[in-house]
Every structure is written in structure tokens, then in C-alpha cells.
Amino acid sequence: MSDQSTDLRETVRQRYAAAAVKVTEGGTACCGPEPVEVDENFGSTLYAADERDVLPAEALAASLGCGNPTAVADLHEGDRVLDLGSGGGIDVLLSARRVGPTGRAYGVDMTDEMLELALANAAKAEATNVEFLKGTIEAIPLPANTIDVVISNCVINLSTDKAGVFAETFRVLRPGGRIGVSDVVADDSLAAAQRAERGDYVGCIAGALSFTEYREGLEAAGFTDIEITPTHPVADGMHSAIVRATKPSRQT
């Protein structure tokens, strides 16, 4: 990893560590935790009211995503689900409810403070079919061919090695497994410099792939049935999008 990539990863880690600390400290205040983000394009307001109602306040406050991947991932009873960059655990906890006691929901995150918050949220939610793992999304700490569905909420754009993320996602999925990801995607007409003008890397803008780059990255990793559907704008020429794809049942 280059020095620049290392610096960017550390900047991302520090930002999310600070967010976790803010939520944790707010949770001890008289009025409860304040949301980290207030931008209507990001955060817990993108979840339905009935979903928000069943989650700990701290899980909602720590939500920094640009969508709701659990709403589009087509989860079933008994599925094994993995959330890349699981943060405070909101999508892991929602997934755990959907897959039921015979399923399991995993979250992987590189930030100690977020992992601590996620574990506390899981305890408050009395979720027993969840597991949070420390690691990076470029080196997922799970065996190959063990996951039915991979989800992620506005995290892949933060990676400096997106090809590595796609390859690792493909590796851990079982044949026939699928992804349901929310992420920021740029219009094909925007060059990297133009994306950077619209927002910084840690703010989920500068590191976003274009629609074509995203599709080509997934194809190079081996995915098929790729769909990238924009849902709402987050900046000029930048969109929150739902990304779906499948690992073929038979490997060639």
C-alpha cells in the first residue's frame, strides 16, 4: 500500500472513530445520543420508521450510510450475511432480524471504537445471531465460499483498493451468492478531479467510482447480473445507488 493510501485509510479510521466516540458519549447524556450526520442524503433517515423503532438509539445515531442495503438485499431465513464496514451495527442488526435464528449476520470493521459501539448495540438489541470482526474490507477475515449475501452502506467508495474489495467479496461468497450494496457512484462524464471538487474522500465523494468503473470492477472480479440503479443525488453528478450482482453458481 502506498503512503497516500495508508494516509487516506488512517484519515477514514480517525473520522469514524471520532463518530463512534461522539455517539457513545452522547448516549450517556440526559437526552441521548445526537446523530453524527444531519445531511438528509446520509444517515438513519433513509430507513423506514418501523426499522428505526426496533433499533437502539446509538445504532441510529451512528448511521453514516447513503442508503438502506437491507431493504434491497433480498434476505431470507437462514441466510449468512456479511456487512462490509459495519460501523455501529445498524445493518447487521436489521439483517439479523431478517435471517432469523437459523441465519447469522456478520460485520467487519477496522475501527476499534465502532466495533465496541456495535457490540454494545447488539447487546441492547438482544441479538444473538450476530458477530462483529475486526479487519479491513480488502482482507475479509472469513473463509471462502461461506456467505450468502454481502451488503455494504456507503463504504466501498472509501477504500483505496476497490479491486481488492471486489475480489474479497467474490471470494467469501458461496457460488450463487449475491451482493446488495448502497454506495456513491459518479456520472461517467466526471473525471476524478471533478469528483474531488464536489467533496472530500472521507465524505464519500472524492473516492467514488463512475457507473462504468463500478461495473467493470465487478466484472473483473467475476460477478454477473450486475445492476447499478441511482436512488438520489448526493452532489452534482454524484448519486447514491443500489448495486446488485451475483457470483455465478458454476465457476469457469
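Please refer to the structure placed before this passage.
Residue indices follow the written sequence of each chain, beginning from 1 at its first position. Restriction of local features to residues with pLDDT of at least 70 applies here, the model being predicted, together with a cutoff of 80 or more for giving and counting side-chain atom pairs; totals for whole chains, interfaces and linings are based on all residues. No hydrogens and no water enter the side-chain calculation; it runs on all heavy atoms of the structure.

Re the pattern of salt bridges
Quick reminder of the rule: Each reported salt bridge corresponds to a side-chain nitrogen of Lys or Arg within 4 Å of a carboxyl oxygen of Asp or Glu. The helix count covers DSSP runs of H or I at least four residues long, the strand count covers runs of E at least two residues long, and both are numbered beginning at the N terminus. Three labels apply to residues, based on accessible area from a 1.4 Å probe with only protein chains included: buried if under 20% of the type maximum, exposed if over 50%, partly exposed otherwise in between.
Going through the model one piece at a time under the given rule, you end up with eight salt bridges. Between Glu131 and Arg104 there is a salt bridge, and its shortest N-O distance comes to 3.5 Å. Taken together, the residues span a long stretch of sequence, with Glu131 in strand β3 (residues 130–134) and Arg104 in strand β2 (residues 104–109) at a distance of 27 residues. Using a relative accessible area of 31% as the deciding quantity, one classes Glu131 as partly exposed. Arg104 gets classed as partly exposed once you look at its relative accessible area, which sits at 24%. Of the charged contacts, one joins Arg198 and Asp236 as a salt bridge, the two residues approaching to 3.4 Å between their closest N and O atoms. On the criterion of sequence distance, the pair formed by Arg198 in the loop between α7 (192–197) and β6 (209–210) and Asp236 in the loop between β7 (224–235) and β8 (238–246) is long-range, its members being 38 residues apart. Here Arg198 falls in the partly exposed class, since its relative accessible area comes to 28%. Note on Asp236: relative accessible area 58%, which makes it exposed.

Quick word on the side chain of Lys162
Our working rule: Under this rule, positive means Lys or Arg and negative means Asp or Glu; His and the chain ends count for nothing. For the purposes of these results, a polar contact is taken to be a pair of N or O atoms within 3.5 Å, where, inside protein, one atom must be able to donate a hydrogen and its partner to accept one; residues adjacent in sequence count only when each atom of the pair is a side-chain atom.
With respect to the secondary-structure elements, Lys162 resides in helix α6 (residues 162–172). Despite its burial, Lys162 pairs with no opposite charge, the nearest such side chain being Asp183 at 7.4 Å. One polar contact links the side chain of Lys162 to the main-chain carbonyl oxygen of Gly207, over a distance of 2.9 Å.

Observations concerning helix α4 (residues 90–99)
Counting buried positions over the 10 residues of α4 gives eight, a clear majority of the element. Turning to α4, its buried residues are Ile90, Asp91, Val92, Leu93, Leu94, Ser95, Ala96 and Val99. Once α4 finishes, Gly100 follows within two positions and takes phi at roughly 75 degrees, a positive value.

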